[in-house]
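Next come the chains, spelled out residue by residue.
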Amino acid sequence: MDERLSQWCAEAVARQANDLFLREDSAPVIRVNGELVALEGADCEASLFEQLHRDHASSSAAADLDFPLEWRGIGRFRVNLFKQSGRWSAVLRPIKREVPVLSQLGLPSELIQSWMLRKAGLILFSGATGAGKSTSIASALNWLSQQRPKHLVTLEDPIEFLLEPGQSLVTQREIGTDVPTFEEGLRSSLRQSPDVIFIGEIRDQNCAEQALRAAETGHLVVSTVHASGAAETLERFAFLFPAAERERGMMLLASQLLGVVCQQLLDGPDGERHLALEYFENAALIRDHIRHQRINELNDLILSTPSPERHSFQQSLIELVRSGKIPEETAANASPRPSDLKRALRGIS
């Protein structure tokens, strides 16, 4: 293996980068805390990519490849090799072996733990790419693995954390390497006697239906949706179904959903990134809102009735500003209701 590549990977790990970007005839770049930083040294030569292609392609025509790389003492990486504008590129993501402790992430850990101990149901985590969803879910799954003798099956694209078996049996499958699609992986996982199934992302109606049916037939299902808020998570889920089938889909979601956690990571003046959260447990009024597709009213319900089971982004942003973790301007830019946020910070109801 090319020595330069191992050096760049070692630096990415040392600097706790989320990704390493390589482009032909350009300097390597890493993503640290959401920011792109160029590494010093030689540019990436075409020969490096050609060697990777020779080592991992099943045919000379295959230009877009996914495969793992591992170095002793450095770690394991998930690699996507591709071409853009006729030139080679690759993105390498470190696969983390040390899973953060759930109670140290700033999440409502007791609430999430109570969901994870349920025999069946659907738990949704949402937020933009890079908001920490994978970290939160890995921590929750790892916590459960230490508590109960379960069979945990994960379907991931890519695998970002290697879970510890603990009391549980853990089966981690990577889309594109171990199984072609989430849909096919979910279908086959139901024949593997799982107790808990993690689906990396619910992307379409078929996957949504399978996830709900798996929850309905006695499995705990955890997954992600790309959405900017807890209510928007349900709206995004609803619109995976065509209009003629949406009522049926939402009735099933109302009965199987355990809860939703939506995350944002915001930059503070100390250079750290701080977690803003919106979450709710599906019970009583919320279940009724979902069943009758009154999703647009959920934001007001979460904001007006705070409790250990419900928390709005607005409340979270106010707490971050008052604790000095983020400036008011950052909170206003992240807020769904910036004028209301500013009024609340000034004590105006």
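Everything quoted here is computed from the prediction, not taken from an experiment.

1. Overview of the overall build of the protein
Along the protein, the regular secondary structure elements total 13 helices and 14 strands. A compact globule built from 349 residues should have a C-alpha radius of gyration of about 20 Å, and the protein, at 21 Å, falls within 12% of that. Each of the three principal axes of the protein carries a C-alpha extent, and together these read 60 × 50 × 40 Å. Looking at the protein as a whole, 48% of its 349 residues are labelled buried. Pairs at least 24 residues apart make up 57% of the contacts formed inside the protein by residues separated by at least 6 positions. Surface exposure of the protein reaches about 16400 Å², of which carbon and sulfur atoms provide 46%. The positive charge centre, built from 37 side chains, and the negative charge centre, built from 47, are 4 Å apart in the protein.

2. A look at the sheet that holds strand S10 (residues 196-199)
If you walk across this open sheet you meet the eight strands as S9-S8-S10-S11-S7-S12-S13-S14, and the pairing is mixed. Of all strands in the sheet, those with a lone pairing partner are strand S9 (169-174) and strand S14 (310-311), marking the two edges. Pairing between strand S12 (residues 257-267) and strand S13 (residues 273-281): nine bridges, direction antiparallel. Each residue of the ladder has a partner; that of Asp 267, found in S13, is Arg 273. Packing of helix H7 (residues 230-238) onto the sheet brings it into contact with strand S7 (121-127), strand S11 (220-225), S12 and S13, and relative to S12 it is tilted by some 120 degrees.

3. A look at the side chain of Ser 189
Relative to the helices and strands, Ser 189 is located in helix H5 (residues 182-189). Setting aside chain neighbours within four positions, we find Ser 189 in contact with Val 153, Pro 194 and Ile 197.

4. Digging into the sheet that holds strand S2 (residues 29-32)
Spatially, S3-S2-S1-S6-S5-S4 is the arrangement adopted by the six strands of the open sheet, whose pairing is antiparallel. One side of each edge strand has no neighbouring strand; the edge strands of this open sheet are strand S3 (35-38) and strand S4 (65-71). With strand direction ignored, the average angle separating the axes of adjacent strands in the sheet is 25 degrees. Here three bridges tie strand S1 (residues 19-23) to S2, and the two strands are oriented antiparallel to one another. By the bridge assignment for S2, Leu 20 is matched with Ile 30. Running over the sheet, helix H1 (residues 3-14) touches S1, S2, S4, strand S5 (75-84) and strand S6 (87-95) and is turned about 150 degrees from S1. Along the sheet, helix H2 (residues 46-56) makes contact with S1, S4, S5 and S6, crossing S4 at roughly 100 degrees.

5. With respect to the nonpolar core
Among the nonpolar cores identified, the biggest contains 37 residues, and Leu 234, Phe 237, Leu 253, Leu 257 and Ile 290 are the most heavily contacted of them. Of the residues forming this core, the biggest block, six residues, is contributed by helix H6 (residues 205-216).

6. Topic: H1
Note: α-helices contain 3.6 residues per turn, so residues at a spacing of three or four share the same orientation. Compared with the 16 Å implied by 1.5 Å per residue over twelve residues, the 16 Å span of H1 between its first and last C-alpha is a close match. Every buried residue of H1 is listed here: Leu 5, Ser 6, Trp 8, Cys 9 and Ala 12. Taken end-on, H1 shows its buried residues confined to a sector of 160 degrees, consistent with a single buried face. Seen from the buried face of H1, the exposed residues on the opposite side, beyond 90 degrees, are Glu 3 and Ala 14.

7. A short note on the packing of aromatic side chains
With the rule as written, the count across this model stands at two aromatic pairs. Relative to Phe 241, the ring of Phe 237 lies with its centre 6.2 Å away and its plane at 40 degrees, an arrangement referred to as tilted. The exposure class assigned to Phe 237 is buried, which follows from its relative accessible area of 0%. Residue Phe 241 is classed as buried on the basis of its relative accessible area of 1%. Cation over ring: Lys 83 sits above Trp 88, and NZ or CZ is 4.7 Å from the ring centre.

8. Some words on unusual backbone geometry
For Gln 16, which is not glycine, the phi dihedral falls at a positive 55 degrees. Residue classification places Gln 16 among the exposed positions, given a relative accessible area of 68%. Of note in the backbone geometry, Ser 193 takes a positive phi value of approximately 50 degrees without being a glycine. Within the secondary structure, Ser 193 is located in the loop between H5 and S10. Ser 193 gets classed as exposed once you look at its relative accessible area, which sits at 59%.

9. Some details on H7
Those residues of H7 not exposed but buried are Ala 230, Ala 231, Thr 233, Leu 234, Phe 237 and Ala 238. Seen from one end, H7 has its buried residues packed into an arc of 155 degrees, which puts them on one side.

10. Some thoughts on the packing of helix H3 (residues 109-116) against helix H4 (residues 133-147)
One can describe the packing of H3 onto H4 by two numbers: an axis separation of 10 Å at closest approach and a directional angle of 60 degrees. Taken together, the axis directions place H3 and H4 in an arrangement best described as oblique. At the point where H3 passes H4, the crossing takes the right-handed sense. Between H3 and H4, the residues in contact are Ile 112, Gln 113 and Met 116 and Ala 140, Leu 141, Trp 143 and Leu 144, respectively. When grouped by side-chain class, the residues that make up the contact of H3 with H4 number six nonpolar, one polar and no charged.

Rules used throughout
- Residues numbered from 1 in each chain as written.
- Predicted model: local features only at pLDDT ≥ 70, side-chain atom pairs only at ≥ 80, totals over all residues.
- Heavy atoms only, no water.
- Helix = DSSP H or I, 4+ residues; strand = E, 2+ residues; numbered from the N terminus.
- Rg over C-alpha atoms; globule rule 2.2 N^0.38 Å.
- Buried < 20%, exposed > 50% of the residue type's maximum accessible area, 1.4 Å probe, protein only.
- Contact = heavy atoms within 4.5 Å.
- Areas by Shrake-Rupley, 256 points an atom, 1.4 Å probe, with all protein chains shown as cover.
- Lys, Arg positive; Asp, Glu negative; His and termini not counted.
- Charge placed at Lys NZ, Arg CZ, Asp CG, Glu CD.
- Pairing = 2+ DSSP bridges.
- Axes fitted to C-alpha atoms, helices over the stretch in contact; angles between N-to-C directions.
- Core = buried A, V, L, I, M, F, W, Y, C linked by side-chain atoms within 4.5 Å.
- Expected span 1.5 Å × (residues − 1).
- Arc of directions from axis to C-beta.
- Phe/Tyr/Trp six-rings, centres within 6.5 Å; stacked < 30°, edge-to-face > 60°.
- Lys NZ or Arg CZ within 6 Å of the ring centre and 35° of its normal.
- Parallel < 35°, antiparallel > 145°, perpendicular 65-115°, else oblique.
- Left-handed = near helix turned anticlockwise from the far one by under 90°.
- Nonpolar A, V, L, I, M, F, W, Y, C, P; charged D, E, K, R; others polar.

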